[in-house]
Amino acid sequence: KAGVTQTPRYLIKTRGQQVTLSCSPISGHRSVSWYQQTPGQGLQFLFEYFSETQRNKGNFPGRFSGRQFSNSRSEMNVSTLELGDSALYLCASSLGPGTYNEQFFGPGTRLTVL
Amino acid sequence: GENVEQHPSTLSVQEGDSAVIKCTYSDSASNYFPWYKQELGKGPQLIIDIRSNVGEKKDQRIAVTLNKTAKHFSLHITETQPEDSAVYFCAASNPFGNEKLTFGTGTRLTIIP
């Protein structure tokens, strides 16, 4: 069974631009969560989607948004990029919502903001 | 909200020796504690988890212990091997609260051959 795939793997943007990252969950998984990983702040939860609905959100500004499609694929968008948005963005999928279901992580998208 | 502290930040052990990583959490309502291993260029992978109704769980060379009174939990790796070299993260969540995973800051484990 294929794992979680994230595209693109690497991305370079400049301040003020916006970016869209994509995540394809493991087949049959209906929940997708997004995390930001930085050396200074570690792994921080962004949001979780299940059945096309955001069911949980971390403490990030409104510039960070996401959505989930009917096939469970998810996208996250960051608008008006700032230097501090440079990070590895990880997507994780699970069979169902909540943290009792094992989360399987993708390899991440490395975003660099110049 | 929940706060998870993890120590040490780096750890080097001789191959064959044991490694111990410790985490403390702040939210007494948290009752799910997973551990993840992250290798270079990959996302974190769940290696073991424990729920608050047990004090210890083992899976071959890996074990996790939980002390709910003291609000700390530990990862124990015995008979370490070179492939154990990675960054390890602990996490905590309250599945009946806000449910999100709060991660520790990570431990870079290096196994010296």
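Before reading further, recall that the structure is shown in the block above.
Scoring rules and cut-offs
- Residues numbered from 1 in each chain as written.
- Chains lettered and ligands numbered in written order.
- Predicted model: local features only at pLDDT ≥ 70, side-chain atom pairs only at ≥ 80, totals over all residues.
- Heavy atoms only, no water.
- Phe/Tyr/Trp six-rings, centres within 6.5 Å; stacked < 30°, edge-to-face > 60°.
- Helix = DSSP H or I, 4+ residues; strand = E, 2+ residues; numbered from the N terminus.
- Buried < 20%, exposed > 50% of the residue type's maximum accessible area, 1.4 Å probe, protein only.
- Contact = heavy atoms within 4.5 Å.
- Buried area = accessible area lost by both parts, 1.4 Å probe.
- Salt bridge = Lys/Arg side-chain N within 4 Å of Asp/Glu carboxyl O.
- Nonpolar A, V, L, I, M, F, W, Y, C, P; charged D, E, K, R; others polar.
- Core = buried A, V, L, I, M, F, W, Y, C linked by side-chain atoms within 4.5 Å.
- Pairing = 2+ DSSP bridges.

K.L.:
An account of the packing of aromatic side chains is needed here, citing residue identities and associated values.
P.N.:
Using the criterion set out here, one finds 12 aromatic pairs over all chains in the structure. With a centroid separation of 5.7 Å and an interplanar angle of 70°, the aromatic rings of A:Tyr35 and A:Phe45 are classed as edge-to-face. Here A:Phe45 lies in strand 5 (residues 42-50) and A:Tyr35 lies in strand 4 (residues 31-38), a separation of 10 residues in the sequence. A residue is classified by how much of its surface remains accessible, and A:Phe45, at 7% relative accessible area, is buried. Aromatic pair A:Phe47 and A:Tyr49: ring centres 5.7 Å apart, planes at 70°, arrangement edge-to-face. Under the relative-accessibility criterion, A:Phe47 is labelled buried at 1%. Aromatic ring contacts, followed pair by pair, group A:Tyr35, A:Phe45, A:Phe105, B:Tyr36, B:Phe89 and B:Phe103 into a single cluster.

K.L.:
Could you give an account of the interface of chain B and chain A, naming the residues involved and the relevant values?
P.N.:
Every contact between the two is made by 19 residues of chain B and, on the other side, 19 residues of chain A. Both faces combined, the contact of chain B with chain A buries some 1700 Å², and carbon together with sulfur accounts for 54% of it. The largest per-residue losses of area from chain B upon contact with chain A belong to B:Glu99, B:Lys100 and B:Phe103, which jointly make up 30% of the total buried on that side. Where chain B packs against chain A, one counts zero salt bridges. Those elements that place two or more of their residues in the side of chain B that touches chain A are strand 4 (32-38) and strand 5 (45-51) of chain B. Tallying contributions element by element places strand 4 of chain B first for the side of chain B that touches chain A, with three residues. Here the side of chain B that touches chain A is built from residues that sort into nine nonpolar, six polar and four charged.

K.L.:
How would you summarise the nonpolar core if you had to cite specific residues and measurements?
P.N.:
Core analysis: the biggest nonpolar cluster contains 24 residues, and B:Trp35, B:Phe73, B:Leu75, B:Tyr88 and B:Leu109 have the highest contact counts within it. Listing elements by their share of this core, those giving two or more residues are strand 2 (10-14), strand 3 (19-25), strand 4, strand 5, strand 7 (62-67), strand 8 (72-77), strand 9 (86-92) and strand 11 (107-112) of chain B. Excluding residues within four positions of it along the chain, B:Tyr88 makes contact with B:Gln6, B:Ile21, B:Tyr36, B:Lys37, B:Ile47, B:Leu75, B:Ile77, B:Gly106, B:Thr107 and B:Leu109. Residues A:Ile26, A:Trp34, A:Phe64 and A:Leu111 belong to the second largest nonpolar core, which totals 21 residues.

K.L.:
Please set out the pairing of strand 11 of chain B residue by residue, giving values where relevant.
P.N.:
Residues and elements named next belong to chain B. Only one face of strand 11 is buried, namely the one carrying Thr-107, Leu-109 and Ile-111, since none of Arg-108, Thr-110 and Ile-112 on the opposite face is buried. For strand 9 and strand 11, the ladder comprises three bridges, and the chain directions are antiparallel. The partner of Tyr-88 across the bridge, within strand 11, is Thr-107.

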